[in-house]
Amino acid sequence: SLPKSLNKRESERKTADFFIFRSSLTMSGNKQEEDPRINGIKTKIRVVPDFPKKGIMFQDITTVLLDPKAFKDTIDLFVERYRDKNISVVAGIEARGFLFGPPIALAIGAKFVPLRKPKKLPGETIFEEYELEYGNDRLEMHVGAVEAGDRALVVDDLIATGGTLCAAINLLERVGAEVVECACVIELPELKGRQRLKGKPLCMLVEYR
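Residues numbered from 1 in each chain as written. Predicted model: local features only at pLDDT ≥ 70, side-chain atom pairs only at ≥ 80, totals over all residues. Heavy atoms only, no water.

Under an unreviewed UniProt entry, the chain has the name adenine phosphoribosyltransferase and belongs to Brassica campestris. Looking at the Pathway (unreviewed entry) heading of the UniProt record, one finds this comment for the chain: "Purine metabolism; AMP biosynthesis via salvage pathway; AMP from adenine: step 1/1." Taken directly from UniProt, the Sequence similarities (unreviewed entry) text for the chain runs: "Belongs to the purine/pyrimidine phosphoribosyltransferase family." (UniProt positions renumbered as here; feature names shortened; annotations may be inferred.)

Undergrad: Even after reading the chapter, I still don't get the overall build of the chain, so can you show me in this structure?
TA: Looking only at helices and strands, one finds 6 helices and 10 strands in the chain. Of all 209 residues assigned to the chain, the portion counted as buried reaches 44%. Pairs at least 24 residues apart make up 59% of the contacts formed inside the chain by residues separated by at least 6 positions. Summed over its atoms, the accessible surface of the chain is roughly 11,000 Å², and 50% of this surface lies on carbon and sulfur atoms. (Helix = DSSP H or I, 4+ residues; strand = E, 2+ residues; numbered from the N terminus. Buried < 20%, exposed > 50% of the residue type's maximum accessible area, 1.4 Å probe, protein only. Contact = heavy atoms within 4.5 Å. Areas by Shrake-Rupley, 256 points an atom, 1.4 Å probe, with all protein chains shown as cover.)

Undergrad: Can you help me understand helix α4 (residues 68-82) in this one?
TA: Along an α-helix, residues three or four positions apart point the same way, because every turn accommodates 3.6 residues. Across its 15 residues, α4 extends 21 Å between first and last C-alpha, which sits within 8% of the 21 Å expected from 1.5 Å per residue. Those residues of α4 that sit buried are A70, D73, T74, I75, D76, L77, F78, V79, R81 and Y82. Among the structural elements, α2 (37-42), α3 (62-65), α5 (97-108), β8 (151-159), β9 (178-187) and β10 (202-208) are those in contact with the buried residues of α4. Regarding α4, its N-cap is D67, as a side-chain oxygen of that residue lies 3.1 Å from the backbone nitrogen of K69 further along. (Expected span 1.5 Å × (residues − 1). Polar contact = N/O pair within 3.5 Å; in protein donor to acceptor, adjacent residues only side chain to side chain.)

Undergrad: What is the right way to read the confidence of the model for the chain from this model?
TA: Low pLDDT marks regions whose predicted coordinates should not be analysed in detail. Averaged over the chain, the pLDDT score is 87; the fraction of residues at 70 or greater is 83%. Here residues 1-32 is modelled with pLDDT under 50, and outside its nearest four sequence neighbours on either side it reaches 56 contacts, counting other chains as well. (pLDDT = per-residue confidence, 0-100.)

Undergrad: I'm lost on α5 in this one. Help?
TA: The terminal C-alpha atoms of α5, which comprises 12 residues, lie 16 Å apart, in line with the 16 Å expected from a rise of 1.5 Å per residue. Among the residues of α5, those classed as buried are G97, F100, G101, I104, A105 and I108. Across the axial projection of α5, the buried residues extend over an arc of 125°, all falling on one side. At its buried positions, α5 is contacted by α3, α4, β4 (89-93), β5 (111-115), β8 and β9. The first or second residue beyond α5 is G109, which carries a positive phi of 75°. (Arc of directions from axis to C-beta.)

Undergrad: Explain the pairing of β8 here, please?
TA: Note on strand geometry: in a regular strand, side chains alternate between the two faces of the sheet. In terms of burial, β8 is a largely internal element, 8 of the 9 residues being buried. Pairing between β4 and β8: 4 bridges, direction parallel. Residue pairing for β8: A91 is matched across the bridge by V154. Examined bridge by bridge, β8 and β9 share 8 bridges and lie parallel to one another. Paired with I159 across the bridge in β9 is E187. (Pairing = 2+ DSSP bridges.)

Undergrad: Looking at this structure, I do not really get the packing of α4 against α5. What am I missing?
TA: Pairs of packed helices are described in terms of their axes, by the angle between the two and the distance that separates them. Between α4 and α5, the least distance of the axes is 9 Å, while the angle of their chain directions is 50°. Classified by the interaxial angle, the pair formed by α4 and α5 is oblique. Seen from above, α4 lies across α5 with right-handed handedness. Listed contacts from α5 to F71, T74, I75, F78, V79 and Y82 of α4 are L99, F100, P103, I104, A107 and I108. Its residues assigned to classes, the contact of α4 with α5 shows 11 nonpolar, 1 polar and no charged. (Axes fitted to C-alpha atoms, helices over the stretch in contact; angles between N-to-C directions. Parallel < 35°, antiparallel > 145°, perpendicular 65-115°, else oblique. Left-handed = near helix turned anticlockwise from the far one by under 90°. Nonpolar A, V, L, I, M, F, W, Y, C, P; charged D, E, K, R; others polar.)

Here's what the structure looks like:
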């Protein structure tokens, strides 16, 4: 964790050192030239030690939202990837998937569908349960929001253990959608979340080690 005695500038430098950044196009593991926009996004992500509990290094993307250029660059990187992939639905996971999903959906001409925590949607829903470290949770989706044959992109801010993304994939596939890919701003590779994605590709901008 970052010592409290670090001044602001040193804290920012140390925070940046936690990150290894990849281009959003490095899907196969083959290194490609890094997009220059990545560095701008990098400098705007804040790491908050011991939040929400001791030992957790929380990746805070709200500081990206405070910078219009970094926010736009984040959206643009995803839009450039998915514009020509015939995506018909962008499914955003509550809550931070709601920040990135809608602008991506608008830009590529897809509908946006929120995948919400229990009892948040007013209409008839279907749900998929998933395991947490202590207990279970579930994602819910409105019946009829996604149709058989839809080509879906699942969006969240971060992938850790992959449980939430896996539940989203299962939920969409149950109604007959084809999940084309998952997209996250940040990945925590040591937690091996991508291994739980049923073989679905994962596009991420930032790797945190």
